[in-house]
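One letter stands for each residue in the lines below.
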Amino acid sequence: MSLFDIEVDKVGVLKKSVFSLHFLMVHIIFIIVMITASFYMTISNRMMTEEQRNYLAIGMGASVIVCLALASFLDRMGSMYIMWFETLFLLLSYMTIAFGHKCTTIISIILYSIFTSHLNGQVWLFVVETFDSSISTLLMGLLNLLAGIVMITAPKIYDSLLSKGYSMDGIMIFMIGLVAVKTGVLVVLHLCKLKWNKIE
């Protein structure tokens, strides 16, 4: 394992971590986050006016302010609570845009911008908190590879579904369902984290 700069005595820890319930559930959560985040951008191209897309661009850029403002508080809470924070705002952003009204779309943009302020960050923090420091960078790399594959393929799948006659509303309901699944996985992960805080 010298290619990844991992000592021989840490190979066992790596195997235990990669095949742990914690890492499996983080994968599922991360995949759902990438799918739903990618589809929201598809929605912005198809359902939002140019003015609203400009608001979204500004909101996502300004989300760093939210990140900095809440950093001290959320860092004390730990990665699991940041995941709950992110999941809540993702779910609300989808529920509000589903109404299709100008006012609820603006609210959705604000909620989604807050969601993006901690997008992915909570996963990296969870990896650092939960797994051995000597392999955390490799685990993050595996998650990044997964994220890249999802982000490349997801928009093509959406376009294919829409071209085959699937409605935007139907896909949106499916996305809300995915966030519900993510919530269920997050409950299990939180319980596992409470029981086994660190994989060593």
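A brief report on the enclosed structure follows. Quantities reported herein were computed from a predicted structural model and do not represent experimental measurements. (Residues numbered from 1 in each chain as written. Predicted model: local features only at pLDDT ≥ 70, side-chain atom pairs only at ≥ 80, totals over all residues. Heavy atoms only, no water.)

### Topic: the overall build of the protein
Part 1: A count of helices and strands for the protein gives eight helices and zero strands.
Part 2: For the protein, the N- to C-terminal ordering of α and β elements is α-α-α-α-α-α-α-α.
Part 3: Taking 2.2 N^0.38 as the reference for a compact globule, 200 residues should give roughly 16 Å; the C-alpha atoms of the protein span a radius of gyration of 18 Å, in line with that estimate.
Part 4: Counting only C-alpha atoms and orienting by the principal axes, one finds that the protein spans roughly 55 × 40 × 30 Å.
Part 5: Counting all 200 residues of the protein, 44% fall into the buried class.
Part 6: When contacts within the protein are restricted to residue pairs at least 6 apart in sequence, long-range pairs at least 24 apart make up 83% of them.
Part 7: Summing over all exposed atoms, the protein offers an accessible surface of approximately 10500 Å²; the carbon and sulfur share of this is 70%.
Part 8: Side chains of the protein give 13 positive and 12 negative charges; the mean places of these two sets differ by 6 Å. (Helix = DSSP H or I, 4+ residues; strand = E, 2+ residues; numbered from the N terminus. Rg over C-alpha atoms; globule rule 2.2 N^0.38 Å. Buried < 20%, exposed > 50% of the residue type's maximum accessible area, 1.4 Å probe, protein only. Contact = heavy atoms within 4.5 Å. Areas by Shrake-Rupley, 256 points an atom, 1.4 Å probe, with all protein chains shown as cover. Lys, Arg positive; Asp, Glu negative; His and termini not counted. Charge placed at Lys NZ, Arg CZ, Asp CG, Glu CD.)

### So, the pattern of salt bridges
Oppositely charged side chains can form a pair if their charged atoms are brought close together.
Part 1: Inspection of the entire model under this criterion finds two salt bridges.
Part 2: Between Glu 86 and Lys 182 there is a salt bridge; the shortest N-O distance is 3.0 Å. Residue Glu 86 is located in helix α4 (residues 79-97), and its partner Lys 182 is located in helix α8 (residues 168-195); the two are separated by 96 residues in the primary sequence.
Part 3: Residue classification places Lys 182 among the buried residues on the basis of a relative accessible area of 0%.
Part 4: With its nearest N and O atoms 3.9 Å apart, the salt bridge here joins Glu 129 to Lys 193. Taken together, the residues span a long stretch of sequence, with Glu 129 in helix α6 (residues 121-130) and Lys 193 in helix α8 at a distance of 64 residues.
Part 5: By relative accessible area, which is 6% here, Lys 193 ends up buried. (Salt bridge = Lys/Arg side-chain N within 4 Å of Asp/Glu carboxyl O.)

### Description of the environment of Leu 56
Part 1: Structurally, Leu 56 is set in helix α3 (residues 50-77).
Part 2: A sequence separation of 47 residues divides Leu 56 from Cys 103, and the C-alpha atoms of the two residues are 14 Å apart.
Part 3: Among all residues touching Leu 56, those that are not within four sequence positions of it are Tyr 40, Met 41, Ser 44, Met 48, Ile 109, Tyr 112 and Ser 113.

### Digging into the environment of Glu 129
Part 1: Residue Glu 129 is classed as partly exposed on the basis of its relative accessible area of 26%.
Part 2: For the pair formed by Glu 129 and Gly 78, sequence separation is 51 residues and the distance between their alpha carbons is 8.6 Å.
Part 3: With near-sequence residues (within four places) excluded, Glu 129 lies in contact with Gly 78, Ser 79, Lys 193, Asn 197 and Lys 198.

### What about the side chain of Thr 105?
Part 1: With respect to the helices and strands, the residue Thr 105 is situated in helix α5 (residues 102-116).
Part 2: A relative accessible area of 5% means that Thr 105 is categorised as buried.
Part 3: Residue contacts for Thr 105: discarding those within four places in its chain leaves Met 48, Gln 52, Ile 97 and Gly 100.

### So, the packing of aromatic side chains
Part 1: Scanning the model with the defined rule gives seven aromatic pairs in all.
Part 2: Residues Phe 39 and Tyr 158 carry aromatic rings whose centres are separated by 4.9 Å and whose planes lie at 70 degrees to one another, so their mutual orientation is edge-to-face. Remark: Tyr 158 occurs in helix α7 (residues 136-163) and Phe 39 occurs in helix α2 (residues 21-47); sequence separation between them is 119 residues. Judged on exposure class, the residue Phe 39 and its partner Tyr 158 are both buried.
Part 3: Where Tyr 112 meets Phe 115, the ring centres are 5.3 Å apart and the plane angle is 45 degrees; that geometry is what we call tilted. Of this pair, Tyr 112 and Phe 115 both sit in helix α5, three residues apart, which is roughly one turn of that helix.
Part 4: Judged by its relative accessible area of 2%, Tyr 112 is buried.
Part 5: Here a set of aromatic residues connected by ring pairs shows up, and it is made of Tyr 40, Tyr 94, Tyr 112 and Phe 115. (Phe/Tyr/Trp six-rings, centres within 6.5 Å; stacked < 30°, edge-to-face > 60°.)

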